[in-house]
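# Inside the fold
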Amino acid sequence: MKPNIKNIAVLTSGGDAPGMNACIRAVVRTGIYNGINMFGVLQGYQGLISNNIIPMDARSVSNIIHLGGTILKTARCLEFKTEEGMELAFQNLKARDIDGLVVIGGDGTFTGAQRFGKKFGIRVIGIPGTIDNDLYGSDFTLGYDTAINTVIEAIDKIRDTADSHDRLFFIEVMGRDSGCIALRSAIASGAEAVLLPEKETSLDELISQLEVGASTKKSSSIVIVSEGHKDGGAYDVAKKVKERFNHYDTKVTILGHLQRGGSPSSFDRILGSRLGFAAINELLKGSTMQMVGLRGNDVKTTSIDEALTRHTFKLESDLLEMTKVLSI
Ligand code: ADP
């Protein structure tokens, strides 16, 4: 039986990701279209606790589809991990008769939602929003595609200067436990090598790859290093390689937080719209404790429990193989 839901709140939490605004817009407008009173929670779980909850109408999400970041702001909130914090959050929702919650974020956000939903029985739907693409149950997470586009735009520029000076560049990209950004960026930018947290690549292997390039007259080389690689970040790897391979002038660039920002790609705008639309429809159907995600080209649900516990090895095997073949 369909529940009688009248009031729904939406929040963004944890790391921000491009496409979150497109998603907020879709959540708010799909809710309003269906006669629901919509609320936005500012600063993630912090806003639930401090009662920073505002009504949202269709115009409150006008002209945001193209913006990076999140108009609802986000925060890391330790208090939400405590029983008292959760209780306060629940009371603030109860005072407004809010009976459904949409959370947009990464695995930390989902862990909070899992505990909160189970403890108070409030209906919760999660939307995977993180540039790291590290949640099980969605082939792509919001922000991932835009982050890759940002990385390759930067690498294209570095390639120009690397080539002019015969340089070897080590470029560090985000992904503490996930090499997804690194791998896709490596293919799309034509990098000579990539170091990923999920895959052992010995320095011997890397150096012999660079030696082959140098012996076949490559004028420059680009190595992409995931921040979570076992040999350390790009500075550490560059130092170790330079001690043994000094064919080129060696430089390091850390791309850092610029990877989080920027106008979302068409893919992330459409993904955010699809997942926001689906999240409200799931709540209206009576679903709870589910994540909506993209599998193949379909929006599918996965329980939040499963999304959090299943292993997420998402590196495409053909891309992995290609990194060697296409960089000769
Ligand atoms: P992300 O969602 O991007 O992985 P975080 O790991 O920082 O980001 O998590 C976002 C927020 O989710 C935290 O600041 C906290 O408020 C909440 N959270 C994370 N883990 C838990 C937990 N075990 N219990 C309750 N809330 C949690």
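Source: prediction; values computed, not measured. (Residues numbered from 1 in each chain as written. Predicted model: local features only at pLDDT ≥ 70, side-chain atom pairs only at ≥ 80, totals over all residues. Heavy atoms only, no water.)

## With respect to the domain arrangement of the protein
Worth spelling out the cut-off: What fixes the domain bounds is an automatic or database domain assignment. In this description, contact between two residues means that some pair of their heavy atoms is separated by no more than 4.5 Å. Buried area: the accessible surface (1.4 Å probe) lost by two parts on joining, summed over both. Any Lys or Arg side-chain nitrogen found within 4 Å of a carboxyl oxygen on Asp or Glu counts as a salt bridge. Contacts described as polar in this section are N or O atom pairs within 3.5 Å, which, within protein, must combine one atom able to donate a hydrogen with one able to accept it, while residues neighboring in sequence count only if both atoms come from side chains.
Examined at the domain level, the protein breaks down into domain 1 (7–143 + 264–310) and domain 2 (145–260). Centre-to-centre, using C-alpha coordinates, domain 1 lies 34 Å away from domain 2. Contacts between domain 1 and domain 2 engage 13 residues on the former and 12 residues on the latter. Together domain 1 and domain 2 conceal approximately 1,000 Å² of surface at their shared face, both sides included; 52% is due to carbon and sulfur atoms. Ranking the residues of domain 1 by area buried against domain 2 places I131, D132 and F140 at the top, with a combined share of 44%. The interface formed by domain 1 and domain 2 holds zero salt bridges in total. Where domain 1 meets domain 2, there are eight residue pairs in polar contact (both at pLDDT 80 or more).

## Overview of the pairing of strand β1 (residues 7–12)
Threshold: Exposure categories follow from relative accessible area, calculated using a 1.4 Å probe and restricted to protein chains: below 20% of the type maximum is buried, above 50% is exposed, and the middle band is partly exposed. The numbering of helices and of strands both runs from the N terminus, where a helix is a DSSP run of H or I of at least 4 residues and a strand a run of E of at least 2. Only strands joined by at least two bridges in the DSSP assignment are considered to pair. A crossover gets the label right-handed when its path from the first strand over the helix to the second runs clockwise, viewed with the strands pointing away from the viewer.
A large share of β1 lies buried, amounting to six of its six residues. Judged from the four bridges that link them, β1 and strand β2 (residues 37–41) form a sheet pairing that is parallel. Bridge pairing links I8 to M38 in β2. Remark: the β1/helix α1 (residues 20–33)/β2 crossover connection has right-handed handedness.

## Some details on the site of the ligand
Put simply, the rule is: Nearness is judged by heavy atoms alone; a residue qualifies as near a molecule or strand once a single heavy atom is within 4 Å of it. Areas reported as accessible are Shrake-Rupley estimates using a 1.4 Å probe. Residue values count occlusion only from the protein chains shown. Three categories are distinguished: nonpolar for Ala, Val, Leu, Ile, Met, Phe, Trp, Tyr, Cys and Pro, charged for Asp, Glu, Lys and Arg, and polar for the others, with Gly belonging to the last.
Near the ligand there are 16 residues, and of these R76, C77, G108, T109 and R115 occur at the shortest range. In this structure, G106 approaches the ligand through a main-chain N or O atom, which is 3.0 Å from an oxygen atom. R115 is positioned such that a nitrogen or oxygen atom in its side chain is 2.9 Å from a nitrogen atom of the ligand. Out of a free accessible area of 550 Å², the ligand has 82% covered by protein chains. Considering each element in turn, the shell around the ligand owes the most residues, six residues, to helix α4 (residues 107–120). Across the shell around the ligand, the residue classes break down as four nonpolar, eight polar and four charged.

## Details of the sheet that holds β1
For clarity, the cut-off: For every element, the axis is a line fit to its C-alpha atoms; helices are fit only across the contacting stretch, and the angle between N-to-C directions ranges from 0 to 180 degrees.
Ordered in space as β3-β2-β1-β4-β5-β10-β11, the seven strands form an open sheet in which the pairing is mixed. Edge positions in the open sheet fall to β3 (53–56) and β11 (298–303), since each of these has one partner strand only. The sheet shows a mean angle of 30° between the axes of neighbouring strands, direction not considered. Both strand β5 (residues 123–128) and strand β10 (residues 290–295) contribute to a ladder of two bridges, which runs parallel. Paired with I125 across the bridge in β10 is Q290.

## Focus on the UniProt feature "domain: Phosphofructokinase" (unreviewed entry) in the protein
Formally: UniProt positions are given in the numbering used here, feature names are shortened, and annotations may be inferred rather than shown by experiment.
Within the UniProt annotation, "domain: Phosphofructokinase" (unreviewed entry) is assigned to residues 7–281. Helix makes up 43% of residues 7–281 and strand 18%, and the two end C-alpha atoms of the span are 14 Å apart.

## Notes on the packing of helix α7 (residues 203–215) against helix α8 (residues 234–244)
Counted only if it meets this: In a left-handed crossing the near helix is turned counterclockwise from the far helix by less than a right angle, and in a right-handed crossing that turn is clockwise.
Interhelical geometry of α7 versus α8 gives an angle of 65° and a closest axis separation of 11 Å. The element α7 and its partner α8 pack so that their crossing is right-handed. Contact residues: α7 offers L203, D204, L206, I207 and L210, while α8 offers V237, K240, V241 and R244. Residue classes in the contact of α7 with α8 are distributed as six nonpolar, no polar and three charged.

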